Amino acid sequence: MGREFSMNTITEDGQLLLKKAERDQVETVWDRYAAQQPNCGYCEMGLSCRICIMGPCRIDPFGDGPRRGVCGADADIIVARNLGRMIAAGAASHSDHGRDLVEVLGEVAHGRAPGYQIRDVEKLKRLAAEFGVAVDGKSPEQIAGELSNVMSEEYGTRRKELTLLKRAPVKRQELWRKIGVAPRGIDRETSEMMHRTHMGVDNDWVSLLLHGVRNALSDGWGGSMIATEVSDILFGTPKPGANAVNVGVLKKDEVNIVVHGHNPVVSEMILRAVQDPELVTMARAKGAKGINLAGVCCTGNELLMRAGVPMAGNHLTTELVLTTGAVDLMLVDYQCIMPSLGTVAACYHTKMVSTSDKARFPGMEHREFHPDNAAAKAVELVKEAIENFGRRGEVYIPVEPVASVGGFSVESIVGALGGTPEPLLDAIKAGKIRGAAGIVGCNNPRIKQDYGHVTLTRRLIENDILVVDTGCAAVANAKAGFKQAEAARLAGPGLKEICGALGIPPVLHMGSCVDNVRILVLASALANALGVDISDLPIAGAAPEWYSEKAATIGVYFVASGVYTVLGPMPPITGSMNIVKLLTEGLNDVVGATFAVEPDPEKAALLMRRHIEQKRARLGLTHLEI
Ligand code: SF4
Ligand code: MSK
């Protein structure tokens, strides 16, 4: 008798593959999560500290145990330092991803990156103008070289504040300056956070958290924004297009290559290689019908957004795709790649390859990709995947894929509206669309896979709230079928009418985790068109199943930009009621938005709807009492 897996995931492919994993005696993330229970209460509350080796220390919030660490730090200081370091790690991850793209842009400019090219020259010129790079009389390569240099400087400390902050509404920029959180350099804020949280530096929890806000903004309006923009320049700005999602996108009779991670630099070269007619002929000679490229997590989202590459699954599906026995090669770059994957793959024929100089994994071969060798290495690896096709054992692909539409960059959304955000604003003013919500972030075994995303999204669209999503949330909603034009039938009457008129689904896929910045840019465009700040808009954000430090940073830059944000899992802050109160109430007086924490997506939907209706009331629009 197999176990019942409907408690782990709402997805059919997930439940069926968990049964397969059990039969194959493959340990998954859920097994390891169960083995970790009960989690350490001190760590859950943020009350353990291992910053120095006078400790480790922990604070006893209830009993007769210590109320201070060896150095004298109390609960507020310890929780704030831990949260600060979490934000720093998240900002560092996304922003370093951005730096890698800036470096590729520079290599392309100097002709040292065969296979890469500048795909969106118009965006290159727009960005150059924003960064003060003159474009007249220069070739795209010259502009790219100069832009790459200027963007690199954003990472250091030469500027008073980051260039792209000026994309925010003027009121927001002024607020950031007034409270001293306008970031000065991308790396600088992360580095300063690590300094401030060293023993004996910043021991004022409010001051630490304000720097946390500045650090998160350095990512949202700095490193992540650069990552998205440079990816668009190099690989094309996304346009709406069809794709398919879930494990059913793997093909029994084709060579399956899956890309995983976040940075599109490697996967774009793989995409190019799998289209090479010579390699396709080679695959056919080995008995396959062709070569099938699919993605998981955000590298998958990058390819889905720009090229309609199918998506096999989100974070908690990454081990399960291997249990199909159908993956001939999985290539990983960095972030959100479980170190268990090599062990899972070893139970099947799957070849696992890591590609980044900064991310290595047990049980994987390492083949380092650099801009100068990426095109050639991609061909090499696709050949190896073809060779591996013949080594397959049993293949089990238990579901059919779900159709979906992706590719909603700000440019394509505004384009669909006729070149201005006005029609969207008119629909909001008329109450046909009550407001908009950004649903973002991961899966986390603390929450049944996809349940948080899908339930929350369903409740919002049926109440006429347009949903935009990114990351693993976007994949969850695509698997649930919310990203087909027909999904408009699930929407309330007003949203349904607008979707019908524009031919769009009620849930718009805006990309990967770094692409959360597209939501910031869209919110700024709406606020500017209305002549208000982002915090005045009838919008809200949510991360119903978040797990990662990057998601914590995203949450902070959303709130600091004026977006009320509901988290599913509780961050490790409950050891300090001062900090809980600041983040859930006090921040309203500082940045005009707060966090809420609500693991039940039904209740989270109510919180978001109530917030949106309150903002409508303040703008003098029709509103509902919720
Ligand atoms: Fe303990 Fe203070 Fe060292 Fe943290 S910094 S481990 S609280 S002594
Ligand atoms: S991949 S950060 S699990 S969204 Fe971007 Fe998914 Fe979260 Fe990673």
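Residues numbered from 1 in each chain as written. Chains lettered and ligands numbered in written order. Predicted model: local features only at pLDDT ≥ 70, side-chain atom pairs only at ≥ 80, totals over all residues. Heavy atoms only, no water.

Engineer: Kindly report on the overall build of the protein chain, identifying the contributing residues and their values.
Structural biologist: A count of helical and extended segments in the protein chain gives 24 helices and 16 strands. Since a compact globule built from 626 residues should have a radius of gyration of about 25 Å, the 24 Å found for the protein chain is in line with a globular shape. Over its C-alpha atoms, taken along the principal directions, the protein chain stretches across nearly 65 × 65 × 50 Å. When the 626 residues of the protein chain are sorted by exposure, 62% land in the buried category. Put simply, 74% of the contacts in the protein chain that link residues at least 6 apart link residues at least 24 apart. (Helix = DSSP H or I, 4+ residues; strand = E, 2+ residues; numbered from the N terminus. Rg over C-alpha atoms; globule rule 2.2 N^0.38 Å. Buried < 20%, exposed > 50% of the residue type's maximum accessible area, 1.4 Å probe, protein only. Contact = heavy atoms within 4.5 Å.)

Engineer: Let's hear about the site of ligand 2: which residues, and what values?
Structural biologist: What surrounds ligand 2 is a group of 13 residues, the closest being His262, Cys336, Cys442, Cys472 and Cys513. The set of elements that each furnish at least two residues to the shell around ligand 2 consists of α12 (297-307) and α19 (471-479). The residue inventory of the shell around ligand 2, partitioned by class, reads seven nonpolar, five polar and one charged. Taken domain by domain, the shell around ligand 2 gets at least three of its residues from each of domain 3 (247-391) and domain 4 (409-618). (Near = heavy atom within 4 Å. Nonpolar A, V, L, I, M, F, W, Y, C, P; charged D, E, K, R; others polar. Domains from an automatic or database assignment.)

Engineer: An account of the pattern of salt bridges is needed here, citing residue identities and associated values.
Structural biologist: All chains considered together, the criterion is met by 45 salt bridges. The partner of aspartate 253 in a salt bridge is lysine 289, with the nearest N and O atoms 3.3 Å apart. Linking aspartate 253 in the loop between β3 (241-245) and β4 (255-260) with lysine 289 in the loop between α11 (277-285) and β5 (291-296), this pair joins segments that are 36 residues apart in sequence. In this structure aspartate 253 comes out as partly exposed when scored by relative accessible area, which is 32%. Judged by relative accessible area, lysine 289 falls into the exposed class, the value being 57%. Here the residues in one salt-bridge network are Glu122, Lys123, Arg126, Glu130, Arg167, Glu229, Asp232, Glu302, Arg306, Glu411, Asp515 and Arg518, joined through shared partners. (Salt bridge = Lys/Arg side-chain N within 4 Å of Asp/Glu carboxyl O.)

Engineer: Any chance you could break down the nonpolar core for me, citing the residues and the numbers?
Structural biologist: Across soluble globular proteins, nonpolar side chains show a tendency to be buried alongside one another. Ile257, Ile270 and Ile291 are the most contacted members of the largest nonpolar core, which has 163 residues in total. By size, the runner-up hydrophobic cluster in this structure holds 34 residues, among which are Val296, Tyr334, Phe361 and Met364. (Core = buried A, V, L, I, M, F, W, Y, C linked by side-chain atoms within 4.5 Å.)

Engineer: With reference to specific residues and values, describe the site of ligand 1.
Structural biologist: Every residue lining ligand 1 is accounted for by Cys49, Ile51, Cys52, Met54, Gly55, Cys57, Gly69, Val70, Cys71, Ile78, Arg81 and Met199. Looking at side-chain class alone, the shell around ligand 1 contains nine nonpolar, two polar and one charged residues. When we break the shell around ligand 1 down by domain, the ones giving at least three residues each are domain 1 (2-58) and domain 2 (75-235).

Engineer: An account of the environment of leucine 606 is needed here, citing residue identities and associated values.
Structural biologist: If you trace the backbone, leucine 606 turns up in helix α24 (residues 601-618). Judged by its relative accessible area of 37%, leucine 606 is partly exposed. Each C-alpha atom of the pair leucine 606 and glutamate 585 lies 18 Å from the other, and the pair is 21 residues apart in sequence.

Engineer: I'd love a proper account of the state of the cysteines, names of residues and values included.
Structural biologist: For the structure shown, the criterion picks out zero disulfides. Here cysteine 40 stays free of any disulfide, with the sulfur of cysteine 43 as its closest cysteine sulfur at 3.7 Å. (Disulfide = S-S within 2.5 Å.)

Engineer: Go over the side chain of glutamate 268 with me, naming the residues and quoting the values.
Structural biologist: In this fold, glutamate 268 is placed in helix α10 (residues 264-274). The buried category is assigned to glutamate 268, whose relative accessible area is 6%.

Engineer: Report on the domain arrangement of the protein chain, specifying residues and quantitative values.
Structural biologist: Buried accessible area, meaning the area lost when the parts come together, often serves as the stated size of an interface. Examined at the domain level, the protein chain breaks down into domain 1 (2-58), domain 2 (75-235), domain 3 (247-391) and domain 4 (409-618). For domain 2 and domain 4, the distance between their C-alpha centroids amounts to 23 Å. Contact with domain 2, which involves 38 residues of that partner, is made by 38 residues of domain 4. Together, the buried faces of domain 2 and domain 4 total about 3100 Å²; carbon and sulfur atoms form 70% of this surface. Counting the surface domain 2 buries against domain 4, the share from its top three residues, Met86, His94 and Arg172, is 20%. Counting across the domain 2 and domain 4 interface gives four salt bridges. The partner of glutamate 411 in a salt bridge is lysine 123, with the nearest N and O atoms 2.8 Å apart. (Buried area = accessible area lost by both parts, 1.4 Å probe.)

Engineer: How would you summarise the packing of aromatic side chains if you had to cite specific residues and measurements?
Structural biologist: Pairs of aromatic rings are described using the distance from one ring centre to the other and the angle between the two planes. In total, this model carries three aromatic pairs according to the counting rule given. For the ring pair tyrosine 116 and phenylalanine 235, a centre distance of 6.4 Å and an interplane angle of 55° mean the geometry is tilted. With tyrosine 116 in the loop between α4 (75-109) and α5 (121-130) and phenylalanine 235 in helix α9 (residues 205-235), the pair connects residues that are 119 residues apart, well separated along the chain. There is no split in this pair, since tyrosine 116 and phenylalanine 235 are both buried. Ring plane angle 65° and centroid distance 5.5 Å describe the contact between tryptophan 176 and tryptophan 221, whose orientation is recorded as edge-to-face. Of this pair, tryptophan 176 sits in helix α7 (residues 170-178) while tryptophan 221 sits in helix α9; the two residues are 45 residues apart in sequence, bridging distant segments of the chain. Classification of tryptophan 176 as buried rests on a relative accessible area of 0%. (Phe/Tyr/Trp six-rings, centres within 6.5 Å; stacked < 30°, edge-to-face > 60°.)

Engineer: Describe helix α23 (residues 577-591), listing the residues and the values that go with them.
Structural biologist: In a regular helix each residue adds 1.5 Å, so 15 residues correspond to 21 Å; α23 covers 20 Å between its end C-alpha atoms and thus fits that length. The largest bend in α23 comes to about 50°, at leucine 583. Listing the buried residues of α23 in full gives Ile579, Val580, Leu582, Leu583, Leu587 and Val591. For α23, the elements touching its buried residues are α4, α7, α9, α22 (549-560) and β16 (595-597). The positive-phi residue at the C-terminal boundary of α23 is glycine 592, with phi of around 75°. (Expected span 1.5 Å × (residues − 1). Bend = angle between axes of the 7 residues up to and from the residue.)

Engineer: Describe the packing of α12 against α19, listing the residues and the values that go with them.
Structural biologist: At a minimum axis separation of 9 Å, α12 and α19 run at an interaxial angle of 70°. Classed by the angle they form, the pair α12 and α19 counts as roughly perpendicular. The two elements α12 and α19 meet at a crossing, and its hand is left-handed. Listed contacts from α19 to Cys297, Cys298 and Asn301 of α12 are Gly471, Cys472 and Val475. Within the contact of α12 with α19, the residues separate by chemical class into four nonpolar, two polar and no charged. (Axes fitted to C-alpha atoms, helices over the stretch in contact; angles between N-to-C directions. Parallel < 35°, antiparallel > 145°, perpendicular 65-115°, else oblique. Left-handed = near helix turned anticlockwise from the far one by under 90°.)

Engineer: Please provide a residue-by-residue account of the sheet that holds strand β14 (residues 539-543), values included.
Structural biologist: Taken together, the six strands give an open sheet; going across it, the order is β13-β12-β11-β14-β15-β16, and neighbouring strands pair in parallel fashion. With partners counted over all chains shown, the strands left at the sheet margins are β13 (507-511) and β16, one partner each. Neighbouring strand axes in the sheet, compared pairwise and without regard to direction, differ in orientation by 25° on average. In terms of strand pairing, strand β15 (residues 565-567) meets β16 through three bridges, oriented parallel. Its bridge partner being in β16, leucine 567 is matched across the sheet by valine 597. (Pairing = 2+ DSSP bridges.)

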